[in-house]
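The primary structure of each chain is shown beneath.
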Amino acid sequence: MSIKKILFISAALSTALFLNGCSGSDYQATSAGRQVQFIDTKPAANCQFIGKAEGRRSTFFSGLKTHSELIRDAANDLMNKAAAMGGNVIYNAQDASLQYVSDIAPTDAVMTGEVFSCK
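Note that this is a predicted model, so its numbers are computed, not measured.

## Focus on the environment of Tyr27
Here Tyr27 shows up in the loop between helix H1 (3-24) and strand E1 (37-39). C-alpha of Tyr27 to C-alpha of Arg57: the two residues are 30 residues apart in sequence and 7.5 Å apart in space. Excluding anything up to four places from it in sequence, Tyr27 contacts Arg56, Arg57, Ser58, Asp73 and Asn76.

## Looking at the pairing of strand E4 (residues 109-118)
Of all 10 residues in E4, 9 are buried; the element is thus mostly enclosed. When strand E2 (residues 47-57) meets E4, the two strands line up antiparallel, connected through 10 bridges. Looking at the pairing, Gln48 lines up with Ser117 of E4.

## Points about the state of the cysteines
Two cysteines, two sulfur atoms, one covalent bond between them: this is a disulfide. Taken as a whole and assessed by the stated rule, the structure comprises 1 disulfide. Linked covalently through their sulfurs, Cys47 and Cys118 form a disulfide whose S-S length is 2.0 Å. Handedness here is read from the sign of the S-S torsion; for Cys47 and Cys118, about 120°, the answer is right-handed. Pair noted here: Cys47 is in strand E2 and Cys118 is in strand E4, with a separation of 71 residues, a long-range link.

## Remarks on the nonpolar core
Ranked by size, the top nonpolar core spans 14 residues in total, and within it Ile90 and Met111 carry the most contacts. When residues of this core are traced back to their parent elements, those giving at least two are helix H2 (67-84) and E4. In terms of residue count, H2 provides more of this core than any other element does, 7 residues in total. Those residues in contact with Met111 that sit more than four places away from it in its chain are Phe38, Ala53, Glu54, Gly55, Ile71, Ala74, Ala75, Leu78, Ala93, Gln94 and Ala96.

Cut-off values and rules
Residues numbered from 1 in each chain as written. Predicted model: local features only at pLDDT ≥ 70, side-chain atom pairs only at ≥ 80, totals over all residues. Heavy atoms only, no water. Helix = DSSP H or I, 4+ residues; strand = E, 2+ residues; numbered from the N terminus. Contact = heavy atoms within 4.5 Å. Buried < 20%, exposed > 50% of the residue type's maximum accessible area, 1.4 Å probe, protein only. Pairing = 2+ DSSP bridges. Disulfide = S-S within 2.5 Å. Core = buried A, V, L, I, M, F, W, Y, C linked by side-chain atoms within 4.5 Å.

Structure representation (structure tokens):
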């Protein structure tokens, strides 16, 4: 095998490993993020509204992920952001992606929600 082939294969493997490393590490729920719950009924009166948050999953390094996989990553990002805000509940979560465009061309997955702290 020639040195050019070896260098090319090494560069290709390094690039693949780099891209794979970039694709998932930021989209895992942290230990605090895993404590956040999604609810679909209005929060109780003892819950304090903190603010709105947005979770996002870029398609740049996502590879061949489906929209469902991307929105799951965006949900993890949203949970992490809610936890960082001091919240433990997300109400009225919605897929705010440009869904009609994503069928034609990849778009970022976006999930929004209202963050509450419930004791």
